[in-house]
Amino acid sequence: MDKIQQLADYIDQSSSIVATTGAGISVGGGGVTYGQMRFARRGSGRRGSDEGSFLPTYLETMFSYHPSFAHYALADLEAEGKLTGIITTNVDCMHTIAGSKNVAEIQGSLQVNCCSKCGRHSDGYEIWKQDELPRCQVCGGEILPWPLYSHIGLWDADVKKAREWISKADLILVIGTRGNYGDVYWSCRRRNAMIVQINPGRTGFDSVANLNIRQNSDDVFQSLKRLRHGNG
């Protein structure tokens, strides 16, 4: 609890917090980790059939799980005015579903979708909430999410946001992620920013973090809520 109290003190004293998250934050809500995703194209047809279009593992599970407690806790910190934004490599849209407004999905997500035939965008995760795979309303072409049609490239608009946010943050929360993506955004951080890592395992952030909390993120944020706001 001493480390949780230290985290609570950092949050209360901070004027600009940025969280950077990876697949570990989604596990508490039943999500798959990035390593469990298999991006594969197949022929057209209904989701889950032998003729299913793509993402046979990920799309089947995306809406069968839900945001974790930690997702909601970050949304609450944003609503409180403490959290400036979230930088994530996750493509599962769970931060948005949990209510966060300022999310930089630096590798894109299932909110960024493009027709494979005419190039028209059909953005928003809601198009995947259906039994039939989505088709373009203009030309009928197959709609692909950014992680598939970009081959897991960077989403430049959100990289720009990530760099701006982290350059002004005095506290960086590193949650459930193992890598900092180097010059993509991490090198833009303020050199005097406090860094708190929340991860049950060891990562590349260990040597730079001012505080390492070796627990899963849901347990940490549940304890943090009790400290900062009581049991209500």
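Sequence order sets the numbering: in each chain, residues are counted from 1 along the sequence as written. Local features in this predicted model are restricted to residues of pLDDT 70 or higher, and side-chain atom pairs are both shown and tallied only at a pLDDT of 80 or more, whereas totals for entire chains, interfaces and linings draw on every residue. Based on all heavy atoms of the structure, the side-chain values leave hydrogens and waters out of the count.

Chemist: Just to check I follow, could you spell out the overall build of the protein chain for this structure?
Modeler: Across its full length, the protein chain carries seven helices and eight strands. For the protein chain, long-range pairs separated by at least 24 residues make up 60% of all intrachain contacts whose partners lie at least 6 apart in sequence. Only the protein chains shown count as cover for residues, and all accessible areas are computed by the Shrake-Rupley method using a 1.4 Å probe. When the accessible surface of the protein chain is summed, it comes to about 10,600 Å², and 46% of that surface belongs to carbon and sulfur atoms. Working definition: helices are DSSP H or I runs of at least four residues, strands are E runs of at least two. Numbering for both runs from the N terminus. Whether two residues are in contact is decided by their heavy atoms, any of which lying within 4.5 Å being enough.

Chemist: Honestly, the pairing of strand β1 (residues 17–21) in this entry has me stumped. Any pointers?
Modeler: Note on strand geometry: in a regular strand, side chains alternate between the two faces of the sheet. A large share of β1 lies buried, amounting to five of its five residues. Residues I17, A19 and T21 line one face of β1 and the alternating positions V18 and T20 line the opposite face, and both faces are buried. Whether two strands pair comes down to DSSP finding at least two bridges between them. In the sheet, β1 pairs with strand β2 (residues 83–88) via five bridges, with the strands oriented parallel. Bridging from a neighbouring strand, I17 pairs with L83 of β2. When accessible area is computed with a 1.4 Å probe and restricted to protein chains, residues below 20% of their type maximum are described as buried, those above 50% as exposed, and intermediate ones as partly exposed.

Chemist: What is the right way to look at the pattern of salt bridges in this model?
Modeler: Side chains that differ in charge, positive against negative, can pair when their charged atoms come close. Each reported salt bridge corresponds to a side-chain nitrogen of Lys or Arg within 4 Å of a carboxyl oxygen of Asp or Glu. The full count for this structure, using the stated rule, is six salt bridges. Salt-bridge contacts for R228 lead to E80; the nearest nitrogen and oxygen are separated by 2.7 Å. Separated by 148 residues along the polypeptide, R228 in helix α7 (residues 217–229) and E80 in the loop between α3 (69–79) and β2 bring together distant segments of the chain. With a shortest N-O distance of 3.0 Å, R214 and D206 are connected by a salt bridge. For D206, a relative accessible area of 19% corresponds to the buried category. Here the salt bridges share partners, and the residues they tie into one network are D12, E80 and R228.

As far as function goes, none of this settles anything; it's purely spatial.
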